[in-house]
Amino acid sequence: MKRWLDRVAVRRSLALLALVIVWEALSRLGILNPFYVPAPSAVAKVLGALFADGQIWQHLDATFTAALAGLTAGLALGIALGFAAALTPLLAELLEPVMILLNAIPRVILAPLFVIWLGIELASKIALALVLVAVLVFFAVYSGIKEVDQRLVERVRTLGGGRRVLIREVYVPSVSAWVLGNLKVAVGFAFTGAVVGEFVASSRGLGYLLQFAQSTYNASLTIALIVLIMGFVLILFAAAERLERRLLRWRYA
Amino acid sequence: MLRVRGLTVGYGGEPVLEGIDLEVEAGKFAALLGPSGSGKTSVLRCVTGLMRPQSGRVELDVPPTEVGFLFQDDALLPWRTARQNVALGLRIRGAPRRAADEKADHWLALMGLEDFGGRFPRQLSGGQRKRVAIAQVLALEPKLLLMDEPFAALDAIVRTRVTQELLGWVEREHLSVLLVTHDLEEAISASDFVYVLSQGPRARIRARHEVHIARPRNVLESRRHPTFGPLLRRLWDDLSGEPASVDYAL
Ligand SMILES: Nc1ncnc2c1ncn2[C@@H]1O[C@H](COP(=O)(O)OP(=O)(O)OP(=O)(O)O)[C@@H](O)[C@H]1O
Ligand SMILES: [Mg+2]
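Basis of the calculations
- Residues numbered from 1 in each chain as written.
- Chains lettered and ligands numbered in written order.
- Predicted model: local features only at pLDDT ≥ 70, side-chain atom pairs only at ≥ 80, totals over all residues.
- Heavy atoms only, no water.
- Domains from an automatic or database assignment.
- Buried area = accessible area lost by both parts, 1.4 Å probe.
- Salt bridge = Lys/Arg side-chain N within 4 Å of Asp/Glu carboxyl O.
- Polar contact = N/O pair within 3.5 Å; in protein donor to acceptor, adjacent residues only side chain to side chain.
- Helix = DSSP H or I, 4+ residues; strand = E, 2+ residues; numbered from the N terminus.
- Nonpolar A, V, L, I, M, F, W, Y, C, P; charged D, E, K, R; others polar.
- Donors = N, O, S within 2.8 Å, 3.2 Å for Na, K, Ca; no water.
- Buried < 20%, exposed > 50% of the residue type's maximum accessible area, 1.4 Å probe, protein only.
- Axes fitted to C-alpha atoms, helices over the stretch in contact; angles between N-to-C directions.
- Parallel < 35°, antiparallel > 145°, perpendicular 65-115°, else oblique.
- Contact = heavy atoms within 4.5 Å.
- Patch = residues over 30% accessible without salt bridge, like charges linked within 9 Å, V, L, I, M, F, W, Y side chains within 5 Å.
- Areas by Shrake-Rupley, 256 points an atom, 1.4 Å probe, with all protein chains shown as cover.
- Core = buried A, V, L, I, M, F, W, Y, C linked by side-chain atoms within 4.5 Å.
- Phe/Tyr/Trp six-rings, centres within 6.5 Å; stacked < 30°, edge-to-face > 60°.
- Lys NZ or Arg CZ within 6 Å of the ring centre and 35° of its normal.

Moving on, we get to the domain arrangement of chain B. All names here are of chain B. With domains assigned, chain B is organised as domain 1 (1–62 + 143–250) and domain 2 (70–142). Placing a centre on the C-alpha atoms of domain 1 and another on those of domain 2 gives a separation of 25 Å. Both sides together, the interface formed by domain 1 and domain 2 hides about 1,400 Å², and carbon and sulfur atoms give 66% of it. Here domain 1 is connected to domain 2 by 0 salt bridges. The interface formed by domain 1 and domain 2 holds 4 residue pairs in polar contact (both at pLDDT 80 or more) in total. Listing elements by their share of the side of domain 1 that touches domain 2, those giving two or more residues are strand E6 (144–148) and helix H5 (156–173). Among the elements that line the side of domain 1 that touches domain 2, the one with the most residues is H5, at 6 residues. For the side of domain 1 that touches domain 2, the residue count by class is 14 nonpolar, 1 polar and 5 charged.

Quick look at the structure:
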C-alpha cells in the first residue's frame, strides 16, 4: 500500500503541486499582488499564448542551439585540455593558473567581452556557454587523471600492461566516470551561458525575451519564461542521467 | 628462482627494512611471516619492481612476465566484469578475446565462481573479489607466484579449499611461491620453509625454519603432523619475542 509514495519523483512532484495550489489560492484570495506575483493560472495562460502564436520557436531554437553547441564544444575542449595538461607537465604549468582564475570568478562576467569580440549574434552565446562548460570539464578530467586509483595502475602494470593498456583500461574509464558525473552540471552551465549571453545583448532567444519581459515590468511573462527554461533543463537533466546510468553500468548495476 | 640480497627499504625516514636476505629456490614454497607494519608488503613491492630499494638487489631467474603478484587488497577494475578482469592479463599477453574469456571462465570455475563471470566487482562480496583476483593471477600461469595475505578475507571453508587447490596447482606445476601471511598455521601447512621478520623499523630476517612435511600435502592433514606443533611454537616465540603462553604441542 502507498508504495508509489515511496518514489522520490512522486513525492517531489506532489510537493511542487501543493506549492502551486497554495500560490494559486493566495492569489485568488487577493493576498498576493498580481502585478508582482501573478497566479499560476495567469502564468499558464501566458505560456500557452507564447506557443499559440508560434513566436516562441525561434527563441527556443536560438537558446538551444547556443547551449548545445557550447556544451559540445566545451566538453571537447575541456577533455582535450584536461588530458593534454595531465600528460604534459609543461602545459599543466601554463594552463593551471588560467583555469584556476577562470574557475574562481563567476565566468558569466565575461559575457560583455564576448559581445564586444563576437557581436550580438549566436557566436558570443556559444562562447560563453563553452567557457562555462570547458573549465568545469577541464578540472574533472585533469583531477580524474591525477587522482586515478594508483592501486589499479599498479595492478595493470604487474599484469604486464604498458602505457597504452593503462590509458585504455584505467585512465579513460576513470575519466569518463568523472566527466559523466559532471554532465548534469555541465548541461546547467551550458544553459546559464546561453541565457545570460542573450540577456546581455541579443535579438533572439529566451534570454532576450526575459530581458524584454523585465524591461516592460511583465511579471507573468518573466515567470512563464523561467518555468519554460526549468522545464527544458529538467528534460535535459533526465537525458543526461539516463546516459550516465547507461555508460556507468558498472557503478549502478 | 628468487634471491633477495641485503635489501634495505625506506619511505623517506628511517629504513623500514634493513639488510634483508631471502631466497626461494625453484619449485619451493616459502612463507614470510612478520608483525603488521614490519615491511612484508614492501619486500614484495621491491621484488615486482613497483618500488626501488635504498640498497640491495633482487635477482630473478625468470622474466617479469613470468612473475604473478597477488596484492593484499583486492582492487579489481570496477568497470570490468569478473571475467574481463581475469582475462585482462591474458589479453595483455596477446591472447585472442575468445581464448582469454574461456580461460578466464575456467579459472573462475576453479575458484567456485562459475556463475559470477558477468558481474561487476561491486556486485561481489569481499571474498568473491579476492577469488577473482586470485584467478586473475593464476590464469597467467606464472613460474613465480608472490602473494600478499591472499586468503585473509575468505571464510574457513573456502580458505581451506582455495589453499588446497592452490597447493595442488603449485605442486603439479612446480611453481615457486613467496607467500606473505599473518597466519602461522597457514605458513606451516603450505610452505617448505618459513622466514620470520622482526618488528620494524629496521626489520630484519629473524629466523628461517624448514618445514619437514612431505608433499603432496593436505592442508588439514598437515596440522596433525608431529612436527607441526613444535614448529608453530617456535614461530610463536619468534614473533612474540617471548615463550608461548598457549601450549600448541597437541
Ligand atoms: N607509501 C608509504 N609511505 C610511507 N610509509 C609507508 C608507505 N607504505 C608503507 N609504509 C610504512 O612502511 C612500513 C611497512 O609497511 P608494509 O606495508 O610493507 O608492512 P606489512 O608488513 O605489509 O604490514 P601488514 O601486515 O599490516 O600488511 C609500515 O610501518 C608503513 O607504515
Ligand atoms: Mg602488507
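All names here are of chain B. Taken together, Thr41 (OG1) and Gln72 (OE1) make up the protein donors of the magnesium ion (ligand 2), found 1.9 to 2.3 Å from the metal. Taken as a pair, Thr41 in helix H1 (residues 40–48) and Gln72 in the loop between strand E5 (67–70) and helix H2 (82–92) lie far apart in primary sequence, 31 residues in all. Of the residues examined, Thr41 reaches a relative accessible area of 28% and is grouped as partly exposed. Judged by relative accessible area, which is 38%, Gln72 ranks as partly exposed.

All names here are of chain A. Their axes nearest at 7 Å, the elements helix H3 (residues 56–87) and helix H10 (residues 206–215) cross at an angle of 120 degrees. Here H3 lies oblique to H10, going by the angle between them. In this structure, H3 contributes Ile56, His59, Leu60 and Thr63 to the contact, and H10 contributes Leu206, Gly207, Tyr208 and Leu209. Among the residues forming the contact of H3 with H10, the class breakdown is 5 nonpolar, 3 polar and no charged.

Residues and elements named next belong to chain A. Taken together, Trp4, Leu14, Leu17 and Ile21 make up a surface patch of nonpolar side chains, about 430 Å² in accessible area. Positionally, Leu14 belongs in helix H1 (residues 8–28). Judged by relative accessible area, which is 39%, Leu14 ranks as partly exposed.

Formed by 91 residues in total, the largest nonpolar core has its most connected members in Val170(A), Phe29(B), Val132(B), Leu138(B), Met147(B) and Val177(B). Those residues within four positions of Val132(B) in sequence are excluded, and the remaining contacts are Leu76(B), Ala82(B), Asn85(B), Val86(B), Leu108(B), Leu113(B) and Leu124(B).

Here the structure, examined in full by the defined rule, presents 12 aromatic pairs over all chains. Between Phe138(A) and Phe139(A), the aromatic rings sit 5.2 Å apart at their centres with planes inclined by 80 degrees, giving edge-to-face as the arrangement. According to the relative accessible area criterion, Phe138(A) is buried, its value standing at 0%. In this structure an aromatic cluster arises from ring pairing among Phe35(A), Tyr36(A) and Tyr217(A). Taking the ring centre of Phe193(B) as reference, the NZ or CZ of Arg208(B) above it sits at 4.1 Å.

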